[in-house]
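Notes for the structure review
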Amino acid sequence: MSGIKHNSDRQLLLQISEGDEQAFTMLVKAYSGLLFTYLVKITKDQDIASDVVQEIFTQLWLTRESLREVESFRSWLFVISRHHAVRMLKNIDREYKKREEWHQITQTVAGGMEAQDEAALKDAYDILVKSAVDRLPPQQKKVWMLARLEGRKYAEIAAEMQISRETVKKYLQIASSSIVDHIRNNGLPIIISFLIIKL
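None of the values given here were measured: they were computed from a predicted structure. (Residues numbered from 1 in each chain as written. Predicted model: local features only at pLDDT ≥ 70, side-chain atom pairs only at ≥ 80, totals over all residues. Heavy atoms only, no water.)

This part covers the packing of helix 2 (residues 21-43) against helix 3 (residues 46-62). In the contact formed by helix 2 and helix 3, the axes pass within 9 Å of each other and the chain directions differ by 145°. Remark: the crossing between helix 2 and helix 3 carries right-handed chirality. Seen from helix 2, the contacting residues are Glu21, Phe24, Leu27, Val28, Tyr31, Ser32, Leu35, Phe36, Leu39, Val40 and Thr43; seen from helix 3, they are Gln46, Ile48, Ala49, Ser50, Val52, Val53, Ile56, Phe57, Leu60 and Trp61. Of the residues belonging to the contact of helix 2 with helix 3, the class tally is 16 nonpolar, 4 polar and 1 charged. (Axes fitted to C-alpha atoms, helices over the stretch in contact; angles between N-to-C directions. Helix = DSSP H or I, 4+ residues; strand = E, 2+ residues; numbered from the N terminus. Left-handed = near helix turned anticlockwise from the far one by under 90°. Contact = heavy atoms within 4.5 Å. Nonpolar A, V, L, I, M, F, W, Y, C, P; charged D, E, K, R; others polar.)

Dropping the structure here:
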């Protein structure tokens, strides 16, 4: 039975490598549910697992010519998906730590401040965020503003911008990471300057 399944997968992969969309749809239907269940166990998060599944199959289609070289598709799929999920979890953890560092810095500095000083520091932070957003590429900037400032859902943004939900998610992740990096790299000098002025 496993041999029949292997041959069936090999045939689908060969067809997909030649651009057969129907064969690709069959492959997605055959493996997406199984892959999702596997990734939920790894990530402990259904949204992340869903994103990884979508990104993996998108990448498979974009690099479909290489599929003809794959021997054991199921094993290969699970290995690359696991690596992708682990990498995504590390990126999320890294972004969270950056935000925590910034939060700790601002809390430490603001600890002994009067209300008007805290307001001034918040104004400086808001300016920093605006500066970071203005530096984003147009598409990323629009996605970030629609999601963060207007509170729009991914599906709404995707429909308005005529891009996929996965692209919206990716743009937002990249934009958020760029903003956090900009704040981290430029925020401390602003706080120091603010304290010097106060002294």
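Moving on from the coordinates now.
Of all hydrophobic cores here, the largest spans 24 residues; its most connected members are Leu35, Phe57, Leu60, Phe73 and Leu77. Residues in contact with Phe57, not counting those within four places in the same chain, are Phe24, Leu27, Val28, Tyr31, Ser32, Leu35 and Leu77. Judged by nonpolar contacts, the second largest core, of 17 residues, contains Val143, Leu146, Ala147 and Ile157. (Core = buried A, V, L, I, M, F, W, Y, C linked by side-chain atoms within 4.5 Å. Buried < 20%, exposed > 50% of the residue type's maximum accessible area, 1.4 Å probe, protein only.)

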